[in-house]
Amino acid sequence: MTKNQPFFTHDRDSDAFMPTPVSNGPWDPNSLHGRIVIGLLAHVIEQRHGSDDFVPARLTVDMFRLPNTTTPIEVTTKLIRDGKRIKVVEAEFFSGGTSMARASCQLLRKTENAPGNVWSPPNWDAPKPADIPRPTDARLGMNGKWTTRPIVGHMGSLGLRRLWMSEVRELVEGVPMSPFVHVATGADFASPFANAGDQGLGYINSDVTLYLHRLPVTPWVGFEVVNHHATDGIAIGECWLYDEQGPIGTSTVAALAQRKPMTSVPPP
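Thresholds, definitions, all that
Residues numbered from 1 in each chain as written. Predicted model: local features only at pLDDT ≥ 70, side-chain atom pairs only at ≥ 80, totals over all residues. Heavy atoms only, no water. Helix = DSSP H or I, 4+ residues; strand = E, 2+ residues; numbered from the N terminus. Buried < 20%, exposed > 50% of the residue type's maximum accessible area, 1.4 Å probe, protein only. Contact = heavy atoms within 4.5 Å. Pairing = 2+ DSSP bridges. Salt bridge = Lys/Arg side-chain N within 4 Å of Asp/Glu carboxyl O. Axes fitted to C-alpha atoms, helices over the stretch in contact; angles between N-to-C directions. Parallel < 35°, antiparallel > 145°, perpendicular 65-115°, else oblique. Left-handed = near helix turned anticlockwise from the far one by under 90°. Nonpolar A, V, L, I, M, F, W, Y, C, P; charged D, E, K, R; others polar. Disulfide = S-S within 2.5 Å.

Peer 1: I'd like a description of the side chain of Gln5, backed by residues and values.
Peer 2: Inspection of the secondary structure puts Gln5 in the segment before β1 (8–11). Looking at Gln5, the relative accessible area reads 19%, which means it is buried. When neighbours within four sequence positions are excluded, Gln5 is seen to be in contact with Thr20, Pro21, Val22 and Arg169.

What follows is the structure in structure tokens.
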């Protein structure tokens, strides 16, 4: 793996994105990681339709095929609603001319909070990333695809699980990751973090829904598992998301049981 190689290059003449060798995922070495499918959809939506006056409050990505790592990718977008307070954008991810994933993003205009007090759960009492030693197990960042600072628990542990994550690569070569793309790329981690058990990761997620009431303002995104349930091979998982200043939103996934679970869950 080349250090800090981006996940995609971009041919601006054809507007095609080409995966690099570090773009592969854990289920098949020849298919893309779901995190960068989500990240690229967020990137294109923001590039074409984003605005400083609007927050991407909800991003839902359906992933119904596994794109391979050797085929150019095209992302199309459609502005469904262009209102003064609400924008809705749809995007579609094509690999080799075949639709592989689809996104819907709702962007809401910034205003002022409504008057009065509303109950919210307390902020987590986690140490800052700088106060946590760098992990020695390379699997915690999939051997350099991202970096982590574990707080408590780990993938597959039965109990409280908390972790800081930060990106170490550009998503698209030459384009710094925006806060939205940063958190969207990491949002897929809610699936393995919430759905892995004591016999490994037996579920592959088919979607991600990211809710944000604000964008992260620090490089680290915190994940706290708050839900997992499964029946008849269909699972849901949810993480609350934080930056170093407090809560920013949630990431929720639906997942299907795999016949051959991934067993390489990092130890405590």
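There's plenty left to go through after this.
Peer 1: Give a description of the pairing of strand β5 (residues 86–95) that names residues and reports values.
Peer 2: Remark: a regular strand shows side chains that alternate across the two faces of the sheet. Most of β5 is tucked away: eight of the 10 residues are buried. Summarising the sheet, strand β4 (residues 73–82) and β5 pair through nine bridges and their orientation is antiparallel. Its bridge partner being in β5, Thr77 is matched across the sheet by Ala91. If you look at the hairpin formed by β4 and β5, you'll find three residues sitting between the two strands. Bridge analysis of β5 against strand β6 (residues 98–109) gives 10 bridges, and the strand direction is antiparallel. Across the sheet, residue Ile86 finds its bridge partner in β6, namely Leu108.

Peer 1: With reference to specific residues and values, describe the pattern of salt bridges.
Peer 2: One pass over the structure, following the stated rule, counts seven salt bridges. Close ionic contact of Arg109 with Asp53 constitutes a salt bridge, the shortest N to O distance being 3.7 Å. Of the two residues, Arg109 sits in strand β6 while Asp53 sits in the loop between α1 (34–49) and β3 (54–63), which places them 56 residues apart along the sequence. You can call Arg109 partly exposed: its relative accessible area is 35%. Among the ionic pairs, Arg214 bridges to Asp243, the shortest N-O distance being 2.8 Å. Here Asp243 lies in strand β12 (residues 234–243) and Arg214 lies in the loop between β10 (207–212) and β11 (221–231), a separation of 29 residues in the sequence.

Peer 1: Help me get a handle on the packing of α1 against helix α2 (residues 179–186), residues and values and all.
Peer 2: Closest axis-to-axis distance for the α1/α2 pair is 7 Å, and the angle between their directions is 155°. As summarised for this structure, α1 and α2 are arranged roughly antiparallel, according to the angle between their axes. Considering how the two elements wind past one another, α1 and α2 form a crossing that is right-handed. Between α1, through Arg35, Ile38, Gly39, Ala42, His43 and Glu46, and α2, the contact on the second element is made entirely by Phe180, Val181, Ala184, Thr185 and Gly186. Class assignment of the residues belonging to the contact of α1 with α2 gives a composition of five nonpolar, four polar and two charged.

Peer 1: For the state of the cysteines, give the residues involved together with the corresponding values.
Peer 2: The final tally for this structure, using the stated rule, is zero disulfides. Between Cys105, a cysteine without a disulfide, and Cys239, which holds the nearest cysteine sulfur, the sulfur-to-sulfur distance is 20 Å. Looking at Cys239, the relative accessible area reads 0%, which means it is buried.

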